[in-house]
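# Understanding the architecture of this molecule
Residue-level listing of the chains:
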Amino acid sequence: MGFSSYKSSILVMVLAMVVATTSASNFYQDFDITWGDHRAKIINGGQLLSLSLDKVSGSGFQSKREYLFGRIDMQLKLVAGNSAGTVTAYYLSSQGPTHDEIDFEFLGNLTGEPYILHTNVFTQGKGNREQQFYLWFDPTRNFHTYSIIWNPQQIIFLVDNTPIRLFRNAESMGVPFPKNQPMRIYSSLWNADDWATRGGLVKTDWSKAPFTAYYRNFIAYTASSNSFSNGAWKIRELDANSRRRLRWVQKNFMIYNYCTDHKRFPQGLPAECKNSKA
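Residues numbered from 1 in each chain as written. Predicted model: local features only at pLDDT ≥ 70, side-chain atom pairs only at ≥ 80, totals over all residues. Heavy atoms only, no water.

### Structural notes on the overall build of the protein
If you tally the helices and strands in the protein, you get 3 helices and 15 strands. Expressed as a percentage of the 278 residues in the protein, the buried residues total 50%. Sequence-distant contacts, at least 24 apart, represent 66% of the contacts inside the protein between residues at least 6 apart. When the accessible surface of the protein is split by element, carbon and sulfur atoms take 51% of a total near 13700 Å². (Helix = DSSP H or I, 4+ residues; strand = E, 2+ residues; numbered from the N terminus. Buried < 20%, exposed > 50% of the residue type's maximum accessible area, 1.4 Å probe, protein only. Contact = heavy atoms within 4.5 Å. Areas by Shrake-Rupley, 256 points an atom, 1.4 Å probe, with all protein chains shown as cover.)

### Details of the side chain of Ser52
Mapping Ser52 onto the fold places it in strand E3 (residues 48-53). The class for Ser52 is buried, based on a relative accessible area of 13%. There is a polar contact of 2.8 Å between the side chain of Ser52 and the side chain of Thr212. With near-sequence residues (within four places) excluded, Ser52 lies in contact with Arg39, Ser57, Gly58, Ser59, Leu189, Phe211 and Thr212. (Polar contact = N/O pair within 3.5 Å; in protein donor to acceptor, adjacent residues only side chain to side chain.)

### Structural notes on the sheet that holds strand E9 (residues 131-133)
Hydrogen bonds between backbone atoms are what pair the strands of a sheet, whose relative direction is either parallel or antiparallel. A sheet is described by the order of its strands in space; here 8 strands give the open sequence E1-E4-E13-E6-E7-E8-E9-E15, paired in antiparallel fashion. Among the strands making up the open sheet, the edge pair consists of strand E1 (31-35) and strand E15 (254-257). The average angle at which neighbouring strand axes cross in this sheet is 15 degrees, direction not considered. Across 7 bridges, strand E6 (residues 86-93) lies against strand E7 (residues 101-107) in antiparallel orientation. Bridging across to E7, Ala89 finds its partner in Glu105. (Pairing = 2+ DSSP bridges. Axes fitted to C-alpha atoms, helices over the stretch in contact; angles between N-to-C directions.)

### Describing the packing of aromatic side chains
One pass over the structure, following the stated rule, counts 20 aromatic pairs. When the ring of Trp136 is compared with that of Phe253, the centres are 5.5 Å apart and the planes differ by 50 degrees; the resulting orientation is tilted. Residue Trp136 is located in the loop between E9 and strand E10 (144-151), and its partner Phe253 is located in the loop between helix H3 (240-252) and E15; the two are separated by 117 residues in the primary sequence. Since its relative accessible area comes to 27%, Trp136 is described here as partly exposed. (Phe/Tyr/Trp six-rings, centres within 6.5 Å; stacked < 30°, edge-to-face > 60°.)

### Some words on H3
Look at H3: 18 Å from first C-alpha to last across 13 residues, which is about the 18 Å you get at 1.5 Å a residue. Where H3 is concerned, the buried positions are Ser242, Leu246 and Val249. Seen end-on, H3 carries its buried residues on one side only, within an arc spanning 65 degrees. In the core, the buried residues of H3 are packed alongside E9, strand E12 (162-168) and E15. (Expected span 1.5 Å × (residues − 1). Arc of directions from axis to C-beta.)

### A closer look at the sheet that holds strand E11 (residues 154-159)
Strand order in the open sheet formed by 7 strands is E2-E3-E14-E5-E10-E11-E12, with antiparallel pairing between adjacent strands. Both outer strands of the open sheet, strand E2 (40-43) and E12, are each paired with one neighbouring strand and no more. The mean angle between the axes of side-by-side strands here comes to 20 degrees, regardless of whether they run parallel or antiparallel. Two strands pair when backbone bridges link them, and E3 and strand E14 (residues 211-221) are joined in this way by 6 bridges, in the antiparallel orientation. Note that in E14 the partner of Leu51 across the bridge is Ala213.

### Observations regarding unusual backbone geometry
In the segment running from Ala209 into Pro210, the intervening peptide bond is cis, with an omega of 0 degrees. Structurally, the position occupied by Pro210 is in the loop between strand E13 (184-191) and E14. Notably, Asn44 is not glycine yet its phi reads approximately 55 degrees, a positive angle. Relative to the assigned elements, Asn44 resides in the loop between E2 and E3. Given the relative accessible area of 57%, Asn44 is considered exposed.

### Describing the state of the cysteines
For the structure on display, the rule yields 1 disulfide. There is a disulfide in this structure between Cys259 and Cys273, and the S-S distance comes to 2.0 Å. On the sign convention where negative means left-handed, the S-S torsion of about -80 degrees between Cys259 and Cys273 marks this disulfide as left-handed. Taken together, the positions of Cys259 in the segment after E15 and Cys273 in the segment after E15 put the pair 14 residues apart, joining distant regions of the chain. Taken as a pair, Cys259 and Cys273 share a single burial class, namely buried. (Disulfide = S-S within 2.5 Å.)

### Thoughts on the pairing of E11
Of all 6 residues in E11, 6 are buried, a share of seventy percent or more. The two faces of E11 match: Gln154, Ile156 and Leu158 on one face and Ile155, Phe157 and Val159 on the other face are all buried. Where E10 meets E11, 6 bridges bridge the pair, whose relative direction is antiparallel. Counted as the bridge partner of Trp150 is Ile155 from E11.

See the structure below:
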């Protein structure tokens, strides 16, 4: 066997290992259904999970293990049709009154109207760091990947590997940063028609129930994982292309940013807002 053939064989073996690592995720092994009874289902041999909401109850699940730093990927296909009043939440959180939390929440809407992607970061029990976005695609037609990169320097929210939000460590400014409390992954589908759609003006149409969201291809890259790409979460700075993509999203699709809401913070914007430029 020539050297080039040997290198090719090694590359094939490495790629096979990566595929094996990334396809080994199984919802039976990685998650527990925590509420909703039959409304939450793990199907297709553990490769697919669905959450449903009806007039009686929603449903939810959580990860079996906790994470302290890493990259979390999950593919979701959101509730289709008239999803007004519903919220699909997907987030990392610790427990207790001084908990840390990193949130994706998808706020449903009337048929043909866009979902709102609501993001937030809690540190030591304090949130109020909301940024909201429209998406540049229909999140109900196909699965899309929603990711969180969390390391000691920053938190990055990504959609289909495009960064949409960056929350930097601003401890030097006196702003707490989540770095000591391990967090579990949680997700739920629930009724929030008192606030979710147009501030609660549009109510859930229960004649369209059950409402169902789907999950697949969960991957966690952590310091202890054996994944070939386990360094993906350690990035200290976005590269030039990622910064351009972040600015593109924030210019064209951001619809609310707490860091520009002077009416909400008449005494001055939160300290970390000075550190929020891409």
